[in-house]
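# A structural walkthrough
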Amino acid sequence: ELLHYHPFYLSRLFKQVTGESLSTYVSRVKIRKARQMLRGGNEKINEISAALGFETASYFTRFFKKYTGETQRKRLPGPYMPNEPDRRFPAQKRKE
């Protein structure tokens, strides 16, 4: 409304320019922020979910698991980032 364009048009334009849908972008940003907040370890899950705009902590939990494949209860130790090898579990060396 602020830009006087229809939301559908803006969403389509966003995808043409960036190559990803607006909802995918928003989800990715929310996951990144959730990871930062979880690493801090100071906020409760319901505080994090409210800060990110989720109506309930249970929906945030399902959303986080769907997009990351992991639960947020682990508090995400270390610098693990999506699309990178999971460094929390070092590769085992083979005995020859």
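## So, the pattern of salt bridges
- In this structure the tally under the stated criterion is 2 salt bridges.
- Among the ionic pairs, Arg28 bridges to Glu20, the shortest N-O distance being 2.5 Å.
- By relative accessible area, which is 37% here, Arg28 ends up partly exposed.

## Considerations on a nonpolar patch on the surface
- Taken together, the side chains of Leu3, Tyr5, Tyr9, Leu13 and Val17 make up a nonpolar region of the molecular surface, amounting to roughly 500 Å² of accessible area.
- Relative to the helices and strands, Val17 resides in helix H1 (residues 7-18).

## A look at the packing of helix H2 (residues 22-40) against helix H4 (residues 57-68)
- Remark: H2 packs on H4, axes separated minimally by 11 Å, with the N-to-C direction vectors making an angle of 105 degrees. Relative to H4, H2 is oriented roughly perpendicular. The residues of H4 that touch H2, namely those facing Ser27, Lys30, Ile31, Ala34, Arg35 and Leu38, are Phe60, Phe63, Phe64, Tyr67 and Thr68.
- Taken together, the residues of the contact of H2 with H4 sort by class into 7 nonpolar, 2 polar and 2 charged.

## A word on the packing of aromatic side chains
- Enumeration according to the criterion identifies 8 aromatic pairs in this entry.
- Counting every residue linked through ring pairs, the aromatic cluster contains Phe54, Tyr59, Phe60, Phe63, Phe64 and Tyr67.
- Over the ring of Phe54 we find Lys30, and its NZ or CZ is 4.6 Å from the ring centre.

Rules of the game
- Residues numbered from 1 in each chain as written.
- Predicted model: local features only at pLDDT ≥ 70, side-chain atom pairs only at ≥ 80, totals over all residues.
- Heavy atoms only, no water.
- Salt bridge = Lys/Arg side-chain N within 4 Å of Asp/Glu carboxyl O.
- Buried < 20%, exposed > 50% of the residue type's maximum accessible area, 1.4 Å probe, protein only.
- Patch = residues over 30% accessible without salt bridge, like charges linked within 9 Å, V, L, I, M, F, W, Y side chains within 5 Å.
- Areas by Shrake-Rupley, 256 points an atom, 1.4 Å probe, with all protein chains shown as cover.
- Helix = DSSP H or I, 4+ residues; strand = E, 2+ residues; numbered from the N terminus.
- Axes fitted to C-alpha atoms, helices over the stretch in contact; angles between N-to-C directions.
- Parallel < 35°, antiparallel > 145°, perpendicular 65-115°, else oblique.
- Contact = heavy atoms within 4.5 Å.
- Nonpolar A, V, L, I, M, F, W, Y, C, P; charged D, E, K, R; others polar.
- Phe/Tyr/Trp six-rings, centres within 6.5 Å; stacked < 30°, edge-to-face > 60°.
- Lys NZ or Arg CZ within 6 Å of the ring centre and 35° of its normal.

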